[in-house]
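Letter by letter, the chains look like this.
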Amino acid sequence: MRPGAWMAAAAAAVGVAAMVWWTGALDPSGARAGESAAAGAPIAGAASHEAPEQAAEAASPGPGRAPLSAQGLRAQAEKLRLWQARYERAEQVYASYRDATRYPHESRPLSEHPDQIHPFDPITEEKTLRDARGEAIQGIRLRTTQDRVFLSAADTVRFSIEALDEQGQRTALIVRSAAAQSIADTRTPVPVIATNLAFADNGTGGDPQAGDGIHTALLAPAQQGFAHYDGTIRVLAQVAVKGLQGVVHFDVIYAPGVPATWLGVREAVEGGSLNFYLKAQVNAPGRYVVSGRVDDAQGQPFALVQFNQELPPGEQEMRLQVFGALIRDKAPAFPLRLRDVEGFILYPDRFPDRALMPRWSGVVHQSARYSTERFSSDEWSSEERERYLAEYARDADEARRQVEELLPR
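What this report covers is the structure whose coordinates are included nearby. From a predicted model like this one, the values you see are computed outputs, not experimental measurements. (Residues numbered from 1 in each chain as written. Predicted model: local features only at pLDDT ≥ 70, side-chain atom pairs only at ≥ 80, totals over all residues. Heavy atoms only, no water.)

1. So, the overall build of the protein chain
Point 1. The number of helices and strands found in the protein chain is 6 helices and 19 strands.
Point 2. The buried share of the protein chain, reckoned over its 409 residues, is 39%.
Point 3. Taking as baseline every contact in the protein chain between residues at least 6 positions apart, the subset at least 24 positions apart corresponds to 65%.
Point 4. Carbon and sulfur atoms provide 51% of the accessible area of the protein chain, an area that totals close to 22,200 Å². (Helix = DSSP H or I, 4+ residues; strand = E, 2+ residues; numbered from the N terminus. Buried < 20%, exposed > 50% of the residue type's maximum accessible area, 1.4 Å probe, protein only. Contact = heavy atoms within 4.5 Å. Areas by Shrake-Rupley, 256 points an atom, 1.4 Å probe, with all protein chains shown as cover.)

The structure is reproduced here in structure tokens:
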């Protein structure tokens with residue numbers, strides 16, 4: 001019997017028991033069965049101080065004993081209600097965990113991670129204009145963008161600034177000066193690296209459109225004095241809007257080396273799943289974290305696939321698995337397209353904690369066409385998952401057993 005139907009039957013049984021008590025607990029004279037003026041009052045008074053479970057146990061009928069008293073029936077009904085609620089919660093926990101872990105961690109529906117659908121989109125912020133002391137200047141907001149936070153080797157980052165009035169309309173902005181400077185992440189004194197930047201609104205130097213009120217600048221650390229620097233670079237821009245002076249800042253984290261480079265992709269159907277193998281030349285051994293997005297043939301976001309393992313130096317492959325049950329459940333239109341792959345080596349217990357591989361943007365591989373029957377519908381299994389499912393099942397079984405023992409017979 002399904003849990004919901006089983007619980008409904010249990011509730012009905014409790015209701016029948018209550019009616020039996022109400023109609024049968026009165027004798028023909030109108031007095032409650034088992035009560036007397038001489039002995040009934042002291043016993044009832046003593047039992048009223050017991051916990052519901054203790055009262056139910058004390059009043060429970062055994063071989064050769066009289067039926068439950070009125071107070072015993074109430075205590076038993078309360079205990080039954082508590083165990084029914086516990087059983088329902090246990091069933092919900094079991095079902096929720098089972099459904100949430102049907103697929104492995106490294107192969108999930110992309111809908112679960114909406115912030116990962118377009119990882120290379122610029123980061124946009126709106127903030128109040130602030131003066132050199134950090135105090136807000138009312139009535140003026142600044143919209144800023146930067147197209148990345150982490151950079152490696154020859155990467156370039158683009159910044160933009162525009163000013164908005166109280167109605168959200170773009171207003172005239174002047175960038176008086178701007179500079180990039182290293183921010184030491186250590187207590188050991190190190191030389192400060194600094195370079196000037198030029199924000200422009202003339203359609204050159206990374207600015208996409210002249211005269212639109214959006215001022216743009218590019219920073220290429222390897223070419224602007226930071227080639228051997230490893231850490232945070234802060235960009236400070238002095239701006240003026242309607243005669244009011246303010247400061248804008250951006251932070252990026254730079255690593256001078258490239259830990260690995262991409263070589264290509266191959267695919268294989270193995271163990272009922274579709275695997276993309278990303279080939280890479282690993283220059284620095286260590287733990288690599290790689291993420292890719294999979295869309296279906298209509299361009300609908302489908303899956304987030306990931307790799308997280310230690311790799312030795314040399315030519316290696318990183319497997320991004322599209323789990324079989326995920327394909328069977330969601331039935332995406334083939335061919336599938338792997339796109340926007342990002343990867344980095346992870347450095348534990350230090351800052352910066354990573355160095356990036358080159359961005360692999362756009363579609364990097366298109367799969368062959370497959371029938372969904374080619375893939376397995378089996379749920380993902382692991383020692384940890386099976387252990388948790390067994391624990392949650394035991395909790396539900398114990399609650400069900402308690403409910404069955406408390407049901408009126």
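2. A few points about the nonpolar core
Looking at soluble globular proteins, one finds that nonpolar side chains tend to be buried together.
Point 1. Of all hydrophobic cores here, the largest spans 36 residues; its most connected members are L278 and M318.
Point 2. When neighbours within four sequence positions are excluded, M318 is seen to be in contact with W262, F276, Y277, L278, A280, Y288, V290, F307, L311 and M357.
Point 3. One finds V175, L197, L219 and Y254 within the second-largest nonpolar core, a separate group that totals 28 residues. (Core = buried A, V, L, I, M, F, W, Y, C linked by side-chain atoms within 4.5 Å.)

3. Here we look at the sheet that holds strand β16 (residues 314-322)
Point 1. Ordered by their spatial adjacency, 3 strands build an open sheet running β12-β13-β16, and the pairing between neighbours is antiparallel. The sheet is open, and its two edges are formed by β12 (260-270) and β16, each paired on a single side. For this sheet, the mean inter-axis angle between neighbouring strands, taken without regard to orientation, is 25°.
Point 2. Here β12 pairs with strand β13 (residues 273-282) via 10 bridges, running antiparallel. Of the residues in β13, the one forming a bridge with R266 is Y277. (Pairing = 2+ DSSP bridges. Axes fitted to C-alpha atoms, helices over the stretch in contact; angles between N-to-C directions.)

4. Structural notes on the layout of surface pockets
Point 1. One number sums up the size of the second largest pocket: a volume of about 500 Å³.
Point 2. In terms of lining, the second largest pocket is formed by 24 residues, of which the most central are P119, F120, F150, E342 and R354.
Point 3. Put simply, the parts of the chain that give the lining of the second largest pocket at least two residues each are β14 (286-295), β17 (337-346) and β18 (354-356).
Point 4. Of all the elements, β17 adds the most residues to the lining of the second largest pocket, at 4 residues. (1 Å grid on protein atoms, 1.4 Å probe; cavity = no way out; pocket = protein on both sides within 12 Å on 5 of 7 lines; lining within 4 Å. Points joined across faces, edges and corners; volume = space filled by probe spheres on them.)

5. Here we look at the pattern of salt bridges
Point 1. Counted by the stated rule, this structure contains 28 salt bridges.
Point 2. In this structure, the salt-bridge partner of E126 is R143, at a minimum N-O distance of 2.8 Å. Highlighted residues: E126 in strand β2 (residues 123-130) and R143 in strand β3 (residues 136-146), separated in sequence by 17 residues.
Point 3. Owing to a relative accessible area of 42%, E126 belongs among the partly exposed residues under this scheme.
Point 4. As a salt-bridge pair, R339 and D340 come within 2.8 Å of each other at their nearest N and O atoms.
Point 5. When its relative accessible area of 8% is taken as the criterion, R339 is described as buried.
Point 6. Overall, D340 belongs to the buried group, its relative accessible area being 12%.
Point 7. Taken together, the salt bridges that share partners define one network made up of R102, D329, E379, R385 and E386. (Salt bridge = Lys/Arg side-chain N within 4 Å of Asp/Glu carboxyl O.)

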